[in-house]
Amino acid sequence: MFDQPLPLAGRRALVCGASAGIGRAIAQALAAQGASLVLLARRAGPLQAAAAALREVGAAEVDVIEADLGDEAQVIAAAEAALAGGAVHILIHNSGGPPGGPLLGVSPEALVAVFRQHVISAQLLCQRLVPGMAAAGFGRIVNIVSTSVYEPIPGLGLSNTVRAAMGGWSKSLSRELPPGVTINNILPGFTDTDRLVGLAAARAAAQGTSTEQIRAGWLAEVPEGRLIEPEETAAAVAFLCSPAAGAIRGVSLAVDGGRTRGI
Ligand SMILES: NC(=O)c1ccc[n+]([C@@H]2O[C@H](COP(=O)([O-])OP(=O)(O)OC[C@H]3O[C@@H](n4cnc5c(N)ncnc54)[C@H](OP(=O)(O)O)[C@@H]3O)[C@@H](O)[C@H]2O)c1
C-alpha cells in the first residue's frame, strides 16, 4: 500500500537561481521527490557544484544552463535549451533580489533592469514552457518572490515595486492557464542565505551598527523567533509542485515564521 512511486518521478523541472540559497534547496527537494532537473544560474562554478552534489545523492538527471535572467536573449535561449532536452513540467522562477536603498534616487534604467530580471523573464519563460505543460496535462510554476507582495519592506523600495508587480502578473496568469497547469508564489521571510548575509552587512554599514544588531532587530519581528532555513521554504515549494496541490492556483504563501501582520 505504501510502496508508491515518487510523486514527481518522470517530471522535469527548470529551477532558476539553483546554485545557492533557496533555489539550491528547492532543486534538492524536487530531486528527492523524483524529478529530473535543469539548473540555471549565471556563474558556472557554483552551478556545477550544485549539480555535482545532486548527482551524488542520486538525483534522477541533472543538466545545467548558464544564463542571466536579466538578459532577454539569454532567457529565450535558456528556455529553448531546456526544452531541447525534453519536456519541462515544472518552472521555479527565482534569482537574486534587487539592491536596497531609497527609491527616489533609483534611475529609470535600474527600474527597467529589475523588471527585466523578474517580470519579463518570468513572462518569456512561461510563454515558451506553458504549451508543453498544457500538452502534458501537468504543469507547475512557482515564483520565489517576497512578503513585500503584501507588505512593503522599509529600505527595499525597488524590490517592493517589482514584487508587487510579480503578484499581479502571476495572479492574472493563474486565471488563464489551462487545467492541470498551476502558478503560485512563495514569499520567503528572513531566510538564512547569502542574500540575507549581504543585506545585513549593507544595513549595518548604512546605520553604523553591527550585523548582529541588524539580525536581532529582524528576529524581533518574527514570532517563530529565528531565521527560516532554505529547506523549509523548499518543502513548501515541493508541495505546490506535487500532484496533491493541483487545486491550488494563484496563491501567495508566506514562509516567514509569522512575520507578516496582514490577514
Ligand atoms: N533570503 C531571504 O531572506 C529572502 C527574503 C525574501 C525574499 N528573498 C528572495 O528570494 C530569492 C532567492 O533568494 P536567496 O536568498 O536564495 O538568494 P541567493 O542566496 O543570493 O541566491 C540567488 C541565486 O540566484 C542566482 N541568480 C542571481 N541573479 C541571477 C540572474 N540575474 N540570473 C540568473 N540567476 C541569478 C544566483 O547565482 P548566480 O549569482 O551565479 O547567478 C543564485 O543561484 C531572491 O529574489 C530574494 O530576494 C530572499
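Residues numbered from 1 in each chain as written. Predicted model: local features only at pLDDT ≥ 70, side-chain atom pairs only at ≥ 80, totals over all residues. Heavy atoms only, no water.

Enquirer: Teacher, can you tell me more about the site of the ligand here?
Expert: Residues in contact with the ligand amount to 30 residues; listed here are only the nearest, Ser-19, Arg-42, Arg-163, Thr-191 and Thr-193. Between the ligand and Ile-22, the relevant distance is 2.8 Å, taken from an oxygen atom to a main-chain nitrogen or oxygen of the residue. Residue Arg-42 places a side-chain N or O atom 2.8 Å away from an oxygen atom belonging to the ligand. Protein contact buries 93% of the 880 Å² of open area that the ligand shows by itself. Of all the cavities here, the one that holds the ligand is the largest pocket. (Near = heavy atom within 4 Å. Polar contact = N/O pair within 3.5 Å; in protein donor to acceptor, adjacent residues only side chain to side chain. Areas by Shrake-Rupley, 256 points an atom, 1.4 Å probe, with all protein chains shown as cover. 1 Å grid on protein atoms, 1.4 Å probe; cavity = no way out; pocket = protein on both sides within 12 Å on 5 of 7 lines; lining within 4 Å. Sits in = over half its atoms within 2 Å of the grid points.)

Enquirer: In this structure, what is going on with the sheet that holds strand S4 (residues 90–93)? I would like to understand it.
Expert: Where strands meet in a sheet, backbone hydrogen bonds hold them as pairs that are either parallel or antiparallel. A sheet is described by the order of its strands in space; here 7 strands give the open sequence S3-S2-S1-S4-S5-S6-S7, paired in parallel fashion. Strand pairing shows two members of the sheet lacking a second neighbour, strand S3 (62–66) and strand S7 (252–255), which therefore form its edges. Between one strand axis and the next, the sheet turns through 20° on average, direction left out of account. Strand direction decides the pairing type here: strand S2 (residues 36–41) and S3, joined by 5 bridges, are parallel. (Pairing = 2+ DSSP bridges. Helix = DSSP H or I, 4+ residues; strand = E, 2+ residues; numbered from the N terminus. Axes fitted to C-alpha atoms, helices over the stretch in contact; angles between N-to-C directions.)

Enquirer: I'm lost on the confidence of the model for the chain in this one. Help?
Expert: A low pLDDT score tells you not to read the predicted coordinates there in detail. When the pLDDT values of the chain are averaged, the result is 96; 99% of them are 70 or greater. Averaged pLDDT values for the elements of the chain fall to 87 in helix H6 (residues 194–207) and rise to 99 in S4. (pLDDT = per-residue confidence, 0-100.)

Enquirer: Help me out: how do you make sense of the domain arrangement of the chain in this one?
Expert: For the chain, the assigned domains are domain 1 (12–189 + 230–252) and domain 2 (191–227). Between domain 1 and domain 2, the C-alpha centre-to-centre distance is 25 Å. A per-residue breakdown of the area domain 1 buries against domain 2 is headed by Leu-156, Pro-230 and Glu-232, which together make up 41% of the total. On inspection of domain 1 and its partner domain 2, the count reaches 1 salt bridge. Looking at the side of domain 1 that touches domain 2 element by element, the count peaks at 3 residues for helix H8 (residues 230–241). Here the side of domain 1 that touches domain 2 is composed, by residue class, of 6 nonpolar, 5 polar and 2 charged. (Domains from an automatic or database assignment. Buried area = accessible area lost by both parts, 1.4 Å probe. Salt bridge = Lys/Arg side-chain N within 4 Å of Asp/Glu carboxyl O. Nonpolar A, V, L, I, M, F, W, Y, C, P; charged D, E, K, R; others polar.)

Enquirer: I would appreciate a short explanation of helix H4 (residues 108–136) in the present structure.
Expert: Since there are 3.6 residues in each turn of an α-helix, residues three or four apart along the chain are aligned in direction. Its 29 residues place the ends of H4 40 Å apart at the C-alpha level, agreeing with the 42 Å of an ideal helix rising 1.5 Å per residue. Of all the bends in H4, the largest measures some 40° and sits at Arg-116. Taken together, the buried positions of H4 are occupied by Val-114, His-118, Val-119, Ser-121, Ala-122, Leu-124, Leu-125, Cys-126, Leu-129, Val-130 and Met-133. Buried residues along H4 sit in contact with strand S1 (12–16), helix H3 (72–84), S4, strand S5 (139–144), helix H5 (157–174) and strand S6 (181–188). (Expected span 1.5 Å × (residues − 1). Bend = angle between axes of the 7 residues up to and from the residue. Buried < 20%, exposed > 50% of the residue type's maximum accessible area, 1.4 Å probe, protein only. Contact = heavy atoms within 4.5 Å.)

Enquirer: What should I look at first to understand the pairing of S5 in this one?
Expert: Consecutive side chains along a regular strand alternate between the two faces of the sheet. Burial runs high along S5: 6 of the 6 residues are buried. Of the two faces of S5, the one holding Gly-139, Ile-141 and Asn-143 and the one holding Arg-140, Val-142 and Ile-144 are both buried throughout. Each parallel crossover has a hand, and for S4 linked through H4 to S5 it is right-handed. The pairing of S5 with S6 spans 6 bridges and is parallel. Its bridge partner being in S6, Ile-144 is matched across the sheet by Ile-186. With H5 bridging S5 and the parallel S6, this β-α-β connection has right-handed handedness. (Right-handed = clockwise from strand over helix to strand, strands pointing away.)

Enquirer: Explain the layout of surface pockets to me, please; I cannot follow it from the model alone.
Expert: The computed volume of the largest pocket comes to approximately 1200 Å³. Among the elements that take part in the lining of the largest pocket, H6 stands out by supplying 5 residues, more than any other. Built from parts of two domains, the lining of the largest pocket gets at least three residues from each of domain 1 (12–189 + 230–252) and domain 2 (191–227). (Points joined across faces, edges and corners; volume = space filled by probe spheres on them.)

Enquirer: So what exactly am I meant to see when it comes to H3 here?
Expert: The end-to-end C-alpha separation of H3 is 18 Å, in line with the 18 Å expected for 13 residues at 1.5 Å each. All of the buried residues in H3 are Val-75, Ala-78, Ala-79 and Ala-82. Each buried residue of H3 sits inside an arc of 100° when the element is viewed along its axis, so together they form one side. Seen from the open side of H3, the exposed residues pointing more than 90 degrees away from its buried face are Ala-73 and Ala-84. Residues of H3 that are buried sit in contact with S1, S2, S3 and H4. In this structure Asp-71 caps H3, since a side-chain oxygen of it lies 3.0 Å from the backbone nitrogen of Ala-73. (Arc of directions from axis to C-beta.)

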